[in-house]
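Survey of secondary and tertiary structure
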Amino acid sequence: MAALNGAVENGQPDKKVPPLPRPLRSLEVKYTKIFINNEWHESTSGKKFPTYNPSTLEKICDIEEGDKPDVDNAVEAAKAAFQRGSPWRQMDAPSRGRLLHKLADLLERDRVILATLETMDTGKPFLQAYFIDLEGCIKTLRYYAGWADKIQGRTIPVDENFVCFTRHEPMGVCGAITPWNFPLLMLVWKMAPALCCGNTLVIKPAEQTPLTSLYIGSLIKEVGFPPGVVNIVPGYGPTAGAAISTHESIDKIAFTGSTKVGKLIKEAASKSNLKRVTLELGGKNPCIVCADADLDLAVECAHQGVFFNQGQCCTAASRVFVEEQIYPEFVRRSVEFAKKRLVGDPFDATTEQGPQIDQKQFDKILELIESGKKEGAKLECGGLAIEDRGLFIKPTVFSEVTDNMRIAKEEIFGPVQPIMKFKSIEEVIRRANSTEYGLTAAVFTKNLDRALTLASALQSGTVWINCYNALYAQAPFGGFKMSGNGRELGEYALAEYTEVKTVTIKLSQKSP
Amino acid sequence: NATFVQVIASVSSASVADVDKAVAAAKEAFENGEWGRMNARERGRLMYRLADLMEEHQEELATIESIDSGAVYTLALKTHIGMSVQTFRYFAGWCDKIQASGYGATIPINQARPNHNLTFTKKEPIGVCAIIIPWNYPLMMLAWKSAACLAAGNTLVLKPAQVTPLTSLKFAELSAKAGFPKGVINILPGSGGLVGQHLSEHPDVRKVGFTGSTPTGKQIMKRSIFIFYSAAANLKKVSLELGGKSPLIIFSDCELDRAVKMGMGAVYFNKGENCIAAGRLFVEESIHDEFVRKVVEEIKKMKIGDPLDRSTDHGPQNHKAHLEKLLQYCETGVKEGATLVYGGRQVRRPGFFMEPTVFTDVEDHMYIAQEESFGPVMVISKFKNGDVDGVLRRANATEYGLASGVFTKDINKALYISEKLEAGTVFINTYNKTDVAAPFGGFKLSGFGKDLGEEALHEYLRTKAITVEY
């Protein structure tokens, strides 16, 4: 038996700092087809579509383009896998949990591959893909693996001679349409609770970023999920996506993306078969900095809050409200941060910001920046593209922004920080809430009263106090108002993937 | 070694000073160590790693368990070790969900103007917990209690039964390998009278969990009353899982072959050294004789032998004193007038082997109708056709209330009876089907508190309500 408890030989973690992971430079993309029943298929139409690397603007490869017939095949497979008596339905809950744990193990094993693919496909810095996206995926899978055998109904006291209890059953075939900003992470946020609760899936990843979602198909097969439990159909929104949202045999759809498309999906869901809908949509998230805040902390959090992931976050802190006493100083420090932000090759370990995802987004962001200049905001730094560098935009800060400006109202989804002034708490509450969105909000203050008053008054699904983007698999996430319906993560997500059945048994009145 | 009656090994016996040292280590680990600072998810990771190590070493653990307790190897592998692994995995998954499931509730209380109030509750671990376990499922009883205790964030000092310390010690080695910080898990082999007693009295121990089984119910009662009173000195939390005389009611409208098979499992599983063993069978008159005949037929097919032999069905009793008590128990049964249909004697071979035994014509006043045997003794009483309320009254006429069972195809009867039986677990058309997700524990003198399931976590947590005015 080893001598020392606390020694590395005894299983204690090695306290030395590990070297930074490095991306795989000549990674071959292995998975480019449609994944149904644990097999790879070509598209029914024979069509393919290209996926590009936004840093180099080069095509990475061609992907099979799924459309309605492919979605139909996927749904057939998912339905069969969900039939009573199927291997998936017969599997006991702890075994489902074990599969999710094993999937997490494989993500850990292939973490560098997945982070490399994610960076190639999205342009996000490799180290961020590795330490944030992949970390979140692994933690989320393990969290829901633990829930699988703990999904419990209730026994309910009703009238005498009746026995009443609820069962929390899986919903059935779940459709998932995922975005391009955190492709794998947003997929895992849906896949983990869906599988934990015993459902089957038909997934359509964003057409800009299919690579990591397809790779995970290979891991699903390797881990041993029965065929048909997870199916992945790459393709476009109006074709494959619409086929999913209108499908008569899909029981539930989960979507992360723009509010505009979210509305279309909910409408399609209602018009077809009233499938259950959860939506994670956009935000125009207020970040409120009070005069008594820890200024360094507030500046840094607000900065990361808006610029993280090239500004392409539904949680982006895209309306910064600063109490007037500290306004000039806050702006000054924010500009310093923005000017220091390193924009470049996402595979470079020092890069903090990569390119925007595609030309369309790039153009939209620049157009909004122009509107800011035109409508009278003060451009403090940035404000244009990095010439001869493709889709890269300089970190941009606007001050003297007023509520009526487009940059104060519309979701920019780019590296642009609009900073506004406020005088009183009541005023900032009113202004922060004056939006159709309601995803997140942040408050920087040392005062307990102010923190709790704001936390209760802000119409947001998440309120962060003295922090930003503090997301945990254990804590629910979702929007008020037009930022979405329903919640992902935490125990709450389980409700989105289970159907409650009440069983009421009458006992004969006569003594048996 | 219950099979070959040899000494397996000599094991250090803990003294009072050792107890003090262990409790101090557990206290330090809880208050100042990594364990308290570690995030809940990390605790879960450690527990999963430990479960994986236990699974890796399952054959070794099952062999040790078989040699130490006489458990048949195949059962040791599947249940003793198998369920222990499942238990750790189940509770590992709870670690980062203790706040989530209704525990940390924000409670709407009156909003007095002009101030507002916010109340939220937190569930916290309690500190150093003492766990005292029996000899019938040494590793599994360790797992049932330790897993919930650790998942809740506590540290522990555990005393295995004096006659079966070995798997607990192997477990200790695996916990170090898994990377548990020092002081979180402490194992003290030793006597109940010394170590167990001192743990129950110790002022730094915040909770004592005890599962006891001895040949007579009265002895456990005394031990547990001691524990309870010692614990009262510092008002530590107590949970007790004691014996049972669990009734199994078999109606004529059951599936007979299944009732025979499960009824036998209910009595002879783990050579009867099972706290939920069916201590009395009530068989409806019209099928009684057929039932007894079939049971005897099946007993004759049971292979009695070396528990390490993969084909053995029935192994030796745990230790000599227990076998002797069992033989006395059967003698008393005969003396009081019950009919000994089969068995009743020691098997003629080396080792503490007892014949699977069947008594019929057992009347409610008899010793064997009231006292737990904790051995392979089936105690059968007849009941009049259709006398549901009568049999229920007899089934409930016991100071115990650990488990119970009913065999019937009729839905009304099944649900009516499960409602009326005074027991912590009711099995319908099955028996011994415990599950890591289902709370387990008795009513009345079978004890209080639950092992397993979400409820077990409650035993190891305390609630704090925080109210802020702003």
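Residues numbered from 1 in each chain as written. Chains lettered and ligands numbered in written order. Predicted model: local features only at pLDDT ≥ 70, side-chain atom pairs only at ≥ 80, totals over all residues. Heavy atoms only, no water.

**Considerations on the nonpolar core**
As a reminder of what qualifies: To form a nonpolar core, buried Ala, Val, Leu, Ile, Met, Phe, Trp, Tyr and Cys residues must be joined to one another through side-chain atoms within 4.5 Å. Partly exposed residues are those whose accessible area sits between 20% and 50% of the maximum for their type, while under 20% is buried and over 50% is exposed, using a 1.4 Å probe and protein chains only. Secondary structure elements are defined from DSSP: runs of H or I of at least 4 residues count as helices, runs of E of at least 2 residues count as strands, and each element is numbered from the N terminus. For this analysis, residues touch if any pair of their heavy atoms sits within 4.5 Å.
With 162 residues, the main nonpolar core has Leu107 of chain A together with Phe91 and Phe291 of chain B as its most contacted residues. Here this core gets 12 residues from one element, more than from any other, and that element is helix 5 (residues 126-147) of chain A. Filtering out sequence-adjacent residues up to four positions away, leucine 107 of chain A remains in contact with Leu114, Leu134, Cys137, Ile138, Leu141, Leu184, Ile216 and Leu219 of chain A. Core analysis: the second largest hydrophobic core is formed by 28 residues, Ile288, Cys290, Phe321 and Ile369 of chain A among them.

**With respect to the packing of aromatic side chains**
All names here are of chain A. In plain terms, the rule: What counts as a ring pair is set by centres within 6.5 Å for rings of Phe, Tyr and Trp (its six-membered ring), and what kind of pair is set by the plane angle: stacked under 30 degrees, edge-to-face over 60, tilted for all other angles.
This model, assessed by the stated rule, comprises 23 aromatic pairs over all chains. Look at phenylalanine 126 and phenylalanine 347: their rings are 6.4 Å apart centre to centre, the planes differ by 35°, and that puts the pair in the tilted class. Here phenylalanine 347 lies in the loop between helix 11 (327-340) and helix 12 (359-374) and phenylalanine 126 lies in helix 5, a separation of 221 residues in the sequence. In terms of burial, phenylalanine 126 and phenylalanine 347 fall into one category: buried. For the pair tryptophan 180 and phenylalanine 413, a centre-to-centre distance of 5.5 Å together with 85° between the ring planes defines the contact as edge-to-face. Here phenylalanine 413 lies in the loop between helix 13 (406-409) and strand 15 (416-422) and tryptophan 180 lies in the loop between strand 6 (173-177) and helix 6 (183-196), a separation of 233 residues in the sequence. Taken as a pair, tryptophan 180 and phenylalanine 413 share a single burial class, namely buried.

**Section: a nonpolar patch on the surface**
Residue and element names in this part refer to chain A. Formally: Exposure above 30% relative accessible area and the absence of a salt bridge qualify a residue for a patch, where like charges join within 9 Å and nonpolar side chains (Val, Leu, Ile, Met, Phe, Trp, Tyr) within 5 Å. What sets the accessible areas is the Shrake-Rupley method with a 1.4 Å probe; for residues, cover comes only from the shown protein chains. A carboxyl oxygen of Asp or Glu within 4 Å of a side-chain nitrogen of Lys or Arg is what we treat as a salt bridge.
A cluster of nonpolar side chains, contributed by Leu20, Phe131 and Ile132, occupies part of the molecular surface with about 280 Å² of accessible area. Position of leucine 20 among the secondary structure elements: in the segment before strand 1 (34-36). By relative accessible area, leucine 20 is classed as exposed at 53%.

**What about the domain arrangement of chain A?**
Residues and elements named next belong to chain A. In plain terms, the rule: Bear in mind that the domain bounds are from an automatic or database domain assignment. Once two parts are joined, some of their accessible surface, as seen by a 1.4 Å probe, is lost; buried area is that loss totalled over both. Polar contact is defined as a pair of N or O atoms within 3.5 Å, subject to the rule that within protein one atom must be able to donate a hydrogen and the other to accept it, and that residues adjacent in sequence are counted only when both atoms are side-chain atoms. Under the convention adopted here, Pro, Cys and the residues Ala, Val, Leu, Ile, Met, Phe, Trp and Tyr are nonpolar, Asp, Glu, Lys and Arg are charged, and Gly plus all remaining residues are polar.
Annotation of chain A at the domain level lists domain 1 (34-281 + 487-498) and domain 2 (286-475). Computed from C-alpha atoms alone, the centre-to-centre distance between domain 1 and domain 2 is 31 Å. Interface area for domain 1 against domain 2, summed over the two sides, is near 2300 Å², with a carbon-plus-sulfur share of 66%. Counting every contact that joins domain 1 to domain 2 gives 0 salt bridges. If you look at where domain 1 meets domain 2, you find 6 residue pairs in polar contact (both at pLDDT 80 or more). Listing elements by their share of the side of domain 1 that touches domain 2, those giving two or more residues are helix 4 (111-122) and helix 5. By residue number, the principal contributor to the side of domain 1 that touches domain 2 is helix 5, which donates 8 residues. Taken together, the residues of the side of domain 1 that touches domain 2 break down into 14 nonpolar, 12 polar and 7 charged.

**What to know about the UniProt feature "domain: Aldehyde dehydrogenase" (unreviewed entry) in chain A**
Note the cut-off: UniProt positions are given in the numbering used here, feature names are shortened, and annotations may be inferred rather than shown by experiment.
UniProt's feature table lists "domain: Aldehyde dehydrogenase" (unreviewed entry) at residues 40-503 of chain A, given in the numbering used throughout. Here residues 40-503 of chain A runs as 41% helix and 19% strand, with 41 Å between its end C-alpha atoms.

**Here's the deal with the interface of chain A and chain B**
Each partner contributes residues to the interface: chain A has 31 residues there, and chain B has 38 residues. Surface buried jointly by chain A and chain B totals about 2900 Å² across both partners, of which 57% is contributed by carbon and sulfur atoms. Linking chain A with chain B are 0 salt bridges, by the criterion used here. Where chain A touches chain B, the interface holds 5 residue pairs in polar contact (both at pLDDT 80 or more). A breakdown of the residues in the side of chain A that touches chain B according to their chemical character gives 9 nonpolar, 12 polar and 10 charged.

**Quick word on helix 11 of chain A**
Residue and element names in this part refer to chain A. Put simply, the test is: A helix is expected to reach a length of 1.5 Å times the quantity of its residues less one. Regarding the arc, it is the one traced by the directions from the helix axis to the C-beta atoms.
Here helix 11 contains 14 residues, and its C-alpha end-to-end distance of 20 Å stays within 8% of the 20 Å for a straight helix at 1.5 Å per residue. Among the residues of helix 11, those classed as buried are Tyr327, Phe330, Val331, Ser334, Val335 and Ala338. Looking down the long axis of helix 11, one finds its buried residues gathered within 130° of arc, a one-sided arrangement. Opposite its buried face, helix 11 presents the exposed residues Pro328, Lys339 and Lys340, each directed more than 90 degrees away. Contacts from the buried residues of helix 11 go to strand 11 (286-289), helix 10 (295-307), strand 12 (319-323), strand 13 (378-381), strand 14 (396-399) and strand 15.

**Comments concerning the UniProt feature "active site" (unreviewed entry) in chain A**
Residues and elements named next belong to chain A. Feature annotation in UniProt assigns "active site" (unreviewed entry) to the following positions: Glu280 and Cys314. Spanning 35 residues, the named residues form one tight spatial group whose C-alpha atoms are at most 8.4 Å apart. If you trace the backbone, glutamate 280 turns up in strand 10 (residues 276-280). With sequence-adjacent residues up to four places away left out, glutamate 280 is seen in contact with Phe255, Thr256, Gly257, Leu439, Phe477, Gly478, Gly479, Ser483, Gly486, Arg487 and Glu488.

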